[in-house]
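Residue-level structural notes
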Amino acid sequence: MRLGIDARPMQGQKAGIGEYVSGLIGGLAQIDHESAYYLFSDQPLDLNLPVNFQNIVIPASPIWHNKVAGVCRSKKLFFHATHSLIDAVLQGKKCILTVNDTTALDNAQTHSLKVRVINSFLFSNGVRRAAAIISPTLTVKKDILKKIALPESKITVIYDAVSADFGKTKDKSVLSKYHLKEGYIFFNAT
């Protein structure tokens, strides 16, 4: 298999999607030494990965996604759009799209103008054109299906995993400060 992955969320200080992409790539590096992976970014990635992983740097520009699509066509890659609807629209059946949430549509005021515009114009087209959709939760899957009539089988729920160091506090004073015992888990969700 030859797969391109949008690795831009790993750049800089990683937030939720950056952690997701980092975990995905790290997991693939551990289990798959046969497939060729092309990590697309707009600046070099500082990663120590096996030889079957290659970083393709395409400088940031308004046509970044078009350039990525061109490379994918020339190298005959299937592409994983980790967060961008633009890639799904441009690459269609050669693209897997991860839809992390639908908040840009449901709570537009919490997003930048750029994100609101892209989602309002491309959400429907992107999820329809993508070959498959990954959702991190059943709730997000249901949210997508409420907005777009799709075969339910097109969306696969793949729950986010935790990192190997999850729950291992490096600062034991946190445990004593809050009178916690080893093995304590703090969970906050809605």
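This report concerns the structure included in the present document. Every chain's residues receive numbers from 1 upward, in the order its sequence appears when written. Confidence filtering applies because this is a predicted model: local features only for residues at pLDDT of at least 70, side-chain atom pairs given and counted only at 80 or more, and all residues used for totals across whole chains, interfaces and linings. Calculated side-chain values reflect all of the structure's heavy atoms, with hydrogen atoms and water omitted.

1. A few points about the pattern of salt bridges
- A pairing counts as a salt bridge when a side-chain nitrogen of Lys or Arg comes within 4 Å of a carboxyl oxygen of Asp or Glu. Inspection of every chain in the model, using the stated rule, returns three salt bridges.
- Between Lys147 and Asp106 there is a salt bridge whose closest N-O contact spans 2.6 Å. In this pair, Lys147 sits in helix α6 (residues 138-147) while Asp106 sits in helix α4 (residues 103-106), placing the two residues 41 residues apart along the sequence.
- Throughout this description, buried means an accessible area under 20% of the type-specific maximum (1.4 Å probe, protein chains only), exposed means over 50%, and partly exposed covers the range between. On the basis of relative accessibility, which here comes to 39%, the residue Asp106 falls in the partly exposed class.
- Close ionic contact of Lys141 with Glu152 constitutes a salt bridge, the shortest N to O distance being 4.0 Å. In this pair, Lys141 is assigned in helix α6 and Glu152 in the loop between α6 and β7 (155-157), connecting sequence segments eleven residues apart.
- For Lys141, a relative accessible area of 12% puts it in the buried group. For helices the rule is a DSSP run of H or I covering at least 4 residues; for strands it is a run of E covering at least 2, with both sets numbered from the N terminus onward.

2. Quick look at the packing of aromatic side chains
- In this scheme Phe, Tyr and Trp rings, the latter by its six-membered ring, pair at centre separations within 6.5 Å, and the angle between planes marks the pair as stacked below 30 degrees, edge-to-face above 60, and tilted otherwise. Within the structure shown, the criterion is met by two aromatic pairs.
- Here the aromatic rings of Tyr37 and Phe53 are separated by 4.6 Å at their centres, their planes lie at 15°, and the arrangement is stacked. In this pair, Tyr37 sits in strand β2 (residues 36-41) while Phe53 sits in strand β3 (residues 53-57), placing the two residues 16 residues apart along the sequence.
- Relative accessible area serves as the criterion here: at 10%, Phe53 is assigned to the buried category.
- The side chain of Arg8 reaches across the aromatic face of Trp64, ending 4.0 Å from its centre. Only when the NZ of Lys or the CZ of Arg is both within 6 Å of the ring centre and within 35 degrees of the ring normal is a charge said to sit over the ring.

3. What to know about the pairing of strand β6 (residues 132-135)
- The sheet contact formed by strand β5 (residues 95-98) and β6 spans three bridges and is parallel. Each bridged residue has a counterpart across the sheet, and for Thr98 the counterpart in β6 is Ile134.
- With the strands pointing away from the viewer, any crossover whose connection runs clockwise from the first strand over the helix to the second is right-handed. In this fold, the crossover linking β6 to β7 by way of α6 has right-handed handedness. Here, a strand pair is defined by DSSP locating no fewer than two bridges between the strands.

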